[in-house]
Amino acid sequence: MHGDSLRLLTLSLLVAALGCSSESGTTRDTVTPDAGASTADADTTTTTGTSLDEARAFRTQVAKAVCTTLDRCCASTDHAAYFNQFREKPYELSAAPSATDCERVLGETLGKLHDKWLPSVERGTIAFDRTKAAACVTSVASATCGASLATTLYGSDCWGPRGKVFLKKVALGEACENIGDGTYYGECDPALGFCGNVSKRCEPWKTTGQDCSAIGTWAFCTPGLNCDNATPSRPGKCSAAPITVAIGAACTALSGPTTLCNEDAFCNYDTGKCEAKKADGVACKYDDECTTAHPFTCSPFGAGSCGQNSYCAGVTR
């Protein structure tokens, strides 16, 4: 897939993509489960008032760390670019705040997602991990300007529905709520399955050859599989597992297994084929074209060159 910066930001902070689609025909969207979603080794809090207080305070703490670091490292255009990722639901921020109003606005903005999780924290179906929360705040506050900060600001460990601070942990067969946070697994452990629209219980991801649909009963494919040929009135079938293809091979098939390029290649959607990743200094449109991997490595967006470190690289006072 294209790895343009805007899409990178949205995917790292907002919605978990679907493995199935309600649209007629096929889809290339997939779900990637959280490798760290299990709470077995997590230092999670209990579901007492103290846990809720800590979870509620996290947004303020991380907002302060982010805004302090943005002020230290980011020019006005980069400051505005950071807040672009909050224009979509559930945030719907209309414009970047001023530097003096950054902490308040960012705290309130993060709260639009966090507040959807707090009742689940109280029920014990989502665990708040105080250790990871503290590590998140520290990582932002201590990041050096440039590529290190970009990676920290848009990394998945701290942010969004797939972050590791709020851990969804309801097991298969147990009751769950679809809590409106932009994911279809609701309170369910995303490594195991999704929250059924009818059963209101956690159901396992569907596997190759099984019926799939995003309409009515919901039936989502195992992460990495596509739901082929689904329509609003008829379920589709989950595809076979993704396949990896070589440089020069087609990578834009709209049905069957997802086609992935080798790790040293990217899918050029203009040509429809896998091409070798580009060295620093070579012209690019999207981040995933580049051998050097970090957000905004292809800058400026759409007409840049690989290996850039200019995003939030420091402010001259």
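Throughout this description, residue numbers start from 1 for each chain and increase along the sequence as written. The model is predicted, so local features are restricted to residues of pLDDT at least 70 and side-chain atom pairs to those at 80 or more, both for listing and for counting; the totals for chains, interfaces and linings are taken over all residues. Calculated side-chain values reflect all of the structure's heavy atoms, with hydrogen atoms and water omitted.

Colleague: How should the overall build of the chain be read in this particular structure?
Modeller: Strands are runs of DSSP state E lasting at least two residues, helices are runs of H or I lasting at least four, and both sets are numbered from the N terminus onward. When helices and strands are counted, the chain shows 6 helices and 13 strands. The long-range share in the chain, meaning contacts at least 24 apart out of those at least 6 apart in sequence, stands at 54%. When the accessible surface of the chain is totalled, it reaches about 14200 Å², and 54% of it is carbon and sulfur. Whether two residues are in contact is decided by their heavy atoms, any of which lying within 4.5 Å being enough. In short, Shrake-Rupley with a 1.4 Å probe defines the accessible areas, and a residue's cover is counted only from the protein chains shown.

Colleague: What am I meant to see in the packing of aromatic side chains here?
Modeller: Between two aromatic rings, the relevant description is the distance of the centres plus the angle of the planes. Pairing of aromatic rings covers Phe, Tyr and Trp, the last counted by its six-membered ring, and requires centre-to-centre distances within 6.5 Å; plane angles under 30 degrees mean stacked, over 60 mean edge-to-face, and any other angle means tilted. Inspection of the entire model under this criterion finds 18 aromatic pairs. A network of ring pairs unites the aromatic residues Y82, F83, F86, Y91, Y154, F296 and Y311 as a single cluster.

Colleague: Explain the pattern of salt bridges here, please?
Modeller: Where charged atoms from two side chains of opposite charge approach closely, those side chains can pair. The salt bridge definition used is simple: a Lys or Arg side-chain nitrogen within 4 Å of an Asp or Glu carboxyl oxygen. This model, assessed by the stated rule, comprises 11 salt bridges. Put simply, E187 and R123 hold a salt bridge, and the shortest N to O gap is 2.6 Å. On the criterion of sequence distance, the pair formed by E187 in the loop between strand 2 (166-168) and strand 3 (193-195) and R123 in helix 4 (residues 102-123) is long-range, its members being 64 residues apart. In this scheme, a residue with accessible area under 20% of its type's maximum is buried, one over 50% is exposed, and one in between is partly exposed, where area comes from a 1.4 Å probe on protein chains only. You can call E187 buried: its relative accessible area is 1%. Here K132 and D129 are joined by a salt bridge, their closest N and O atoms 3.3 Å apart. Assessed through its relative accessible area of 32%, K132 is described here as partly exposed. We classify D129 as buried; its relative accessible area is 1%. Each of D101, R104 and E108 takes part in one network of salt bridges that share partners.

Colleague: In this structure, what is going on with the confidence of the model for the chain? I would like to understand it.
Modeller: Predicted coordinates in areas of low pLDDT are best not read in detail. Note on scores: pLDDT gives the predictor's confidence for each residue, bounded by 0 and 100. Looking at the chain, the pLDDT average stands at 84 and 83% of residues meet or exceed 70. When the criterion is pLDDT under 50, residues 1-48 qualifies, and its contacts beyond four places in sequence or with other chains add up to 148 contacts.

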